[in-house]
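# Architecture at a glance
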Amino acid sequence: MDVRLEKNGLTIEGVAIKDDRTLLAGFRGPVLNGKCAVVMSVEIASLFGNGKSSDHRLYRLPLGDGRGVRDLASFGDRILVLAGPAADGPGSYAVYAWDGASESVELLKDLPFDPKRKPEGLLPLDKTSTGLRVLILFDGDKEGAPTPIEISGSGPRSSSCPAG
């Protein structure tokens, strides 16, 4: 808290609902150990006084290269994670799939956009015969410059984040 994003401060950027019961909040920063983004899971009932206050969990997702969460989106039984640099400035972006229960993610696609563009939003569109289509929205581009991309197949699983 009270630390600027540029210095690995606390910033929540992505929010999704899993199984109509759980709120997931993705942190752009801090990135732990330079490669692990944080997602907090909390039961919705506990937010409104109907559950235990301990109904929460922190997940450390190995997104690598100083990447934090830029957006989260539920799609079927998975959570799509738009990952990008935690700090402003250059860096690479990618889309991952996460089961919402483990600390393992699957790289679906490195995004091939000009490094000056900043993908900030992710909207799943539909399944295709070879994978899925998503809409990427950009910060600073006119009207978000919605850009559909095709994500085919599945990529490698990422390594785990160290505990602590």
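Scroll up to find the structure.
The paragraphs below set out a description of the structure included in this document. (Residues numbered from 1 in each chain as written. Predicted model: local features only at pLDDT ≥ 70, side-chain atom pairs only at ≥ 80, totals over all residues. Heavy atoms only, no water.)

### Quick notes on the sheet that holds strand β10 (residues 131–139)
Within a sheet, each strand pairs with its neighbour through backbone hydrogen bonds, oriented either parallel or antiparallel. Strand order in this open sheet of three strands is β9-β10-β11, and the pairing throughout is antiparallel. Bordering the open sheet on either side are β9 (118–127) and β11 (147–152), each of which pairs with just one other strand. Each adjacent strand pair in this sheet contributes to an overall mean axis angle of 30°, direction not counted. With six bridges connecting them, β10 and β11 associate as antiparallel partners. (Pairing = 2+ DSSP bridges. Helix = DSSP H or I, 4+ residues; strand = E, 2+ residues; numbered from the N terminus. Axes fitted to C-alpha atoms, helices over the stretch in contact; angles between N-to-C directions.)

### As for the sheet that holds strand β6 (residues 78–85)
Judged by pairing direction, the sheet is antiparallel, and its four strands sit side by side in the order β5-β6-β7-β8 without closing on themselves. Because the sheet does not close on itself, it has two edges, and the strands there are β5 (67–75) and β8 (105–110). When strand polarity is set aside, the average angle formed by the axes of neighbouring strands in this sheet is 25°. Of the strand pairs in this sheet, β6 and strand β7 (residues 94–98) are connected by five bridges, and their pairing is antiparallel.

### Regarding the nonpolar core
Val-95, Leu-111, Leu-122, Val-134 and Ile-136 are the most contacted members of the largest nonpolar core, which totals 18 residues. Among the secondary structure elements, those contributing two or more residues to this core are β5, β6, β7, β10 and β11. Residue contributions to this core peak at four residues, all from β10. Contact partners of Leu-111, with chain neighbours within four places excluded, come to Leu-82, Tyr-93, Ala-94, Val-95, Pro-119, Ile-136 and Ile-149. Residues Leu-24, Val-69, Val-81 and Tyr-96 belong to the second largest nonpolar core, which totals 17 residues. (Core = buried A, V, L, I, M, F, W, Y, C linked by side-chain atoms within 4.5 Å. Buried < 20%, exposed > 50% of the residue type's maximum accessible area, 1.4 Å probe, protein only. Contact = heavy atoms within 4.5 Å.)

### Structural notes on the side chain of Lys-18
By the element assignment, Lys-18 lies in strand β1 (residues 11–18). The exposure class assigned to Lys-18 is buried, which follows from its relative accessible area of 19%. If we skip the residues at most four places from it in the chain, Lys-18 touches Leu-24, Ser-74, Ile-79, Asp-99, Gly-100 and Ala-101.

### Looking at the pattern of salt bridges
Scanning all chains against the criterion turns up seven salt bridges. Asp-19 is the partner of Lys-18 in a salt bridge, and the nearest nitrogen-oxygen pair spans 3.8 Å. Owing to a relative accessible area of 49%, Asp-19 belongs among the partly exposed residues under this scheme. Here Asp-141 and Arg-117 are joined by a salt bridge, their closest N and O atoms 2.7 Å apart. (Salt bridge = Lys/Arg side-chain N within 4 Å of Asp/Glu carboxyl O.)

### Comments concerning the state of the cysteines
As enumerated under the stated definition, the model contains one disulfide in all. Sulfur-sulfur distance for the disulfide between Cys-36 and Cys-161 comes to 2.0 Å. Every disulfide takes its handedness from the sign of the S-S torsion; for Cys-36 and Cys-161 that torsion is -115°, giving left-handed. Here the residue Cys-36 occupies a position in strand β3 (residues 36–43), and Cys-161 occupies one in the segment after β11, the gap between them amounting to 125 residues. Classification of Cys-36 by relative accessible area gives buried; the value is 1%. (Disulfide = S-S within 2.5 Å.)

### As for the packing of aromatic side chains
This model, assessed by the stated rule, comprises two aromatic pairs. Pairing Tyr-59 with Trp-98 gives two aromatic rings, centres 5.1 Å apart and planes at 75°, and the pair type is edge-to-face. Here Tyr-59, found in strand β4 (residues 56–62), pairs with Trp-98, found in strand β7; they are 39 residues apart in sequence, far enough to count as distant. This pair shows no difference in class: Tyr-59 is buried, exactly as Trp-98 is. The ring of Phe-138 carries Arg-117 above its face, with NZ or CZ at 3.7 Å from the centroid. (Phe/Tyr/Trp six-rings, centres within 6.5 Å; stacked < 30°, edge-to-face > 60°. Lys NZ or Arg CZ within 6 Å of the ring centre and 35° of its normal.)

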